[in-house]
Amino acid sequence: MKDVSSLTKAEAKAELKRLAAEIAAHDARYFGKDAPTISDAAYDALKARNSAIEARFPDLVREDSPSKRVGAKPSRRFAKVVHARPMLSLDNAFSDDDVREFLGRVRRFLDLDEGEEVAVTAEPKIDGLSASLRYERGVLVQAATRGDGSEGENVTANMLTLSDVPRTLKGKGHPELIEVRGEVYMSKADFASLNVREAEAGREPFANPRNAAAGSLRQLDPAITAARPLRFFAYAWGEASSLPAETQDGVVSAFKAWGFPVNPLMAVCRDEAAMLGFYRDIEAKRASLGYDIDGVVYKINRLDWQNRLGFVSRSPRWAIAHKFPPEQASTELLAIDIQVGRTGVLTPVARLQPVTVGGVVVSNATLHNEDEIARKDVRVGDIVIIQRAGDVIPQITGIVAEKRKRGAKAYQFPDHCPVCGSPAVREEGEAARRCTGGLTCAAQRVERLNHFVSRDAFDIEGLGSTTIELLHEAGLLKAPSDIFHLHDKREAVKAAFLARREVKGESKADKVFTNLFDGIEARRRIGLDRFIFALGIRHVGDTTARVLARNYGSAEAFTSAMARAVKGDDAALHELGSIDGIGDVVARAIVNFFADAHNGDEVKRLLMLLDVTDMAKAATGSPVSGKTVVFTGTLEKMTRSEAKARAEALGAKVAGSVSAKTDLVVAGPGAGSKLKDAQKHGVQVIDEDAWLKMIEGL
Ligand code: IVH
């Protein structure tokens, strides 16, 4: 990466743009989904580079610059809370010099004599999420997350489930009103056992304790939060009618007296040497602390000085976070392997000469995607820098350029799936490359088989995901067409079931099989729309499948048109592209699907085994044709999917929400906001019976 000092203005502009997008994407993952994909250190490095470029080219600072934001907007599920005092973040210090400069800035700002002592509290920086607890007359009335700093989420019910959080303040003499702020976190031990439980329940484990804490606090159901071992440390405050002391450590001591856990390691340092000594000491203790920390926070102890120092944009001038260096090491990149996920995404994985990073042996690291490899210009044989932070998957942050071997070739990302050999394509605007051999690719088999039998597809009774998994493991199911050959392998199927103890006893087994085989037989005859949906073509959901089915009418017409489109036949491509509701992206995905011979062959096999029924072409003369219809409330005479399919077959468009463009709302009992919206927009509302009458005989 080029040094900031040597960037041209045009390069700086382009890079600020890239950084804004990249940081925003990381923010969204971190704050919105509690699932970051890079380490904090790597994230900090991105922000630091952004600030350095902005400092050199102040006129290039973007409207959407990451330096203007604290975090992502709160997610919409909880009620919002506007913080009476914003919850700001801390400036970072990465070196002893940065700490020295911090003290220098404070002294200059306050215009202190050289002899004047500046006392500072020092405490670990907990890696959790901050929360603000509002107490009125000693009673907890509201708890909120930080959100974007100005507006957070109301998590009162959830916070009340933490035993570390007092419902009422202990002791006497607390202020009428005070917002106590601090960190919600999960201990490393609790995190480990939670992940064991998550894995046992078949859920994805959390990446690290902080994500687990955030994910647990932001549960809509407080009972779930209650079952998660969350803890709290109080270390700051927001709005307060008065304060119990004149120093930072005095207020924190009062918090302790009121019943809050406060960090036992907090100390008051009287000079720079003491601060740096504290930092080294905590760094040495870090691994044995029992909870994750990512640095030390220093705060000017005198509150009158804190007030005078105030804030600069998003962080206080009176505090700074002294971050620990990321845990890094360098090692040789032995190979880049491509893994194919269940959904067909190709992910590059770095195979490394094993190396110890932060006490853990690392032999694999993620390279994310093709662009990431190109951007870092990582080549097999390079000496790469590995970084680990917390329990995040190890990252490759860069290469040691001087050590590159002569003749090392730039990495060529494969354009074919390494598992099945089908073409792997990348759609515009997407980072991932995907295998197009969906129907037969071994990596995607189980996912595809599950989709194939799902409710809006073949919907085969007796063939759920457990059975699919079992038959796949037994080698009896590889591609969807195998389903319709299972009856020839009755004995093997039975053996697979009995081996897994899915069914006990022969007679019960017979019943299960009769159901399974009846279920399969019943679906040999299937509508063209369901058939197309079942293929699992990317971007082809049930609605698009129906549109295609209605346009082509028969399986024969559809597949032969696709075969022609694959060969580049203009008329076939044009027809596909001009179908209402089929955009460019969808059309390309369909052609890509059929361009893969594996898929084409499997479709042929299926068509020989099945009776795919024709679909009546879209009606035009019906009273609802061309109208936009919304169904809401409980329908009593048909299911939602039936209602939708029927309406669409009559040429109507079925929408999920009511707008001024809606022509008709069909409301059953229990209809709520959509009914109100209909009234607001003056849209005609009818009940289910009236609807049935309207379409009667059509
Ligand atoms: S003081 C006005 N003290 O770090 C600043 N923050 O980067 C108030 N954090 O949002 C924050 N441990 O989530 C403070 N001992 C500590 C902390 C701490 C962790 C977090 C907090 C804050 C972030 C700022």
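Now for a description of the structure that goes with this document. (Residues numbered from 1 in each chain as written. Predicted model: local features only at pLDDT ≥ 70, side-chain atom pairs only at ≥ 80, totals over all residues. Heavy atoms only, no water.)

### Let's talk about the sheet that holds strand E2 (residues 92–93)
Okay, step 1: In space, the five strands of this open sheet follow the order E2-E13-E10-E3-E9, with mixed pairing throughout. With one partner strand each, in any of the chains shown, E2 and strand E9 (267–269) form the two edges of the open sheet.
Okay, step 2: Both strand E10 (residues 293–300) and strand E13 (residues 319–323) contribute to a ladder of five bridges, which runs antiparallel. Note on E13: the bridge partner recorded for Lys 299 is Ala 319.
Okay, step 3: Sheet strands touched by helix H3 (residues 96–110): E2, strand E3 (120–126), E10 and E13. Its angle to E13, the strand with the most contacts, is close to 175 degrees. (Pairing = 2+ DSSP bridges. Helix = DSSP H or I, 4+ residues; strand = E, 2+ residues; numbered from the N terminus. Contact = heavy atoms within 4.5 Å. Axes fitted to C-alpha atoms, helices over the stretch in contact; angles between N-to-C directions.)

### Here we look at the pattern of salt bridges
Okay, step 1: This model, assessed by the stated rule, comprises 44 salt bridges.
Okay, step 2: The shortest N-O distance in the salt bridge between Glu 11 and Lys 2 comes to 2.9 Å.
Okay, step 3: When its relative accessible area of 37% is taken as the criterion, Lys 2 is described as partly exposed.
Okay, step 4: Asp 127 is the salt-bridge partner of Arg 210, the closest N and O atoms lying 2.8 Å from each other. Here Arg 210, found in helix H6 (residues 209–217), pairs with Asp 127, found in the loop between E3 and strand E4 (129–136); they are 83 residues apart in sequence, far enough to count as distant.
Okay, step 5: Arg 210 sits in the buried class, given a relative accessible area of 6%.
Okay, step 6: You can call Asp 127 buried: its relative accessible area is 16%.
Okay, step 7: Residues joined by salt bridges that share partners form a network here, namely Glu 15, Arg 18, Glu 22, Arg 49, Glu 372, Arg 375 and Lys 376. (Salt bridge = Lys/Arg side-chain N within 4 Å of Asp/Glu carboxyl O. Buried < 20%, exposed > 50% of the residue type's maximum accessible area, 1.4 Å probe, protein only.)

### Thoughts on the nonpolar core
Okay, step 1: Counting residues in each nonpolar core, the largest one holds 59 residues, and the members touching the most others are Ile 483, Phe 484, Phe 531, Leu 548 and Leu 576.
Okay, step 2: A per-element tally of this core places helix H20 (residues 584–595) first, with six residues. (Core = buried A, V, L, I, M, F, W, Y, C linked by side-chain atoms within 4.5 Å.)

### Side note on a negative patch on the surface
Okay, step 1: Taken together, Asp 111, Asp 113, Glu 114 and Glu 116 make up a surface patch of like negative charges.
Okay, step 2: Assignment of secondary structure puts Glu 114 in the loop between H3 and E3. (Patch = residues over 30% accessible without salt bridge, like charges linked within 9 Å, V, L, I, M, F, W, Y side chains within 5 Å. Areas by Shrake-Rupley, 256 points an atom, 1.4 Å probe, with all protein chains shown as cover. Lys, Arg positive; Asp, Glu negative; His and termini not counted. Charge placed at Lys NZ, Arg CZ, Asp CG, Glu CD.)

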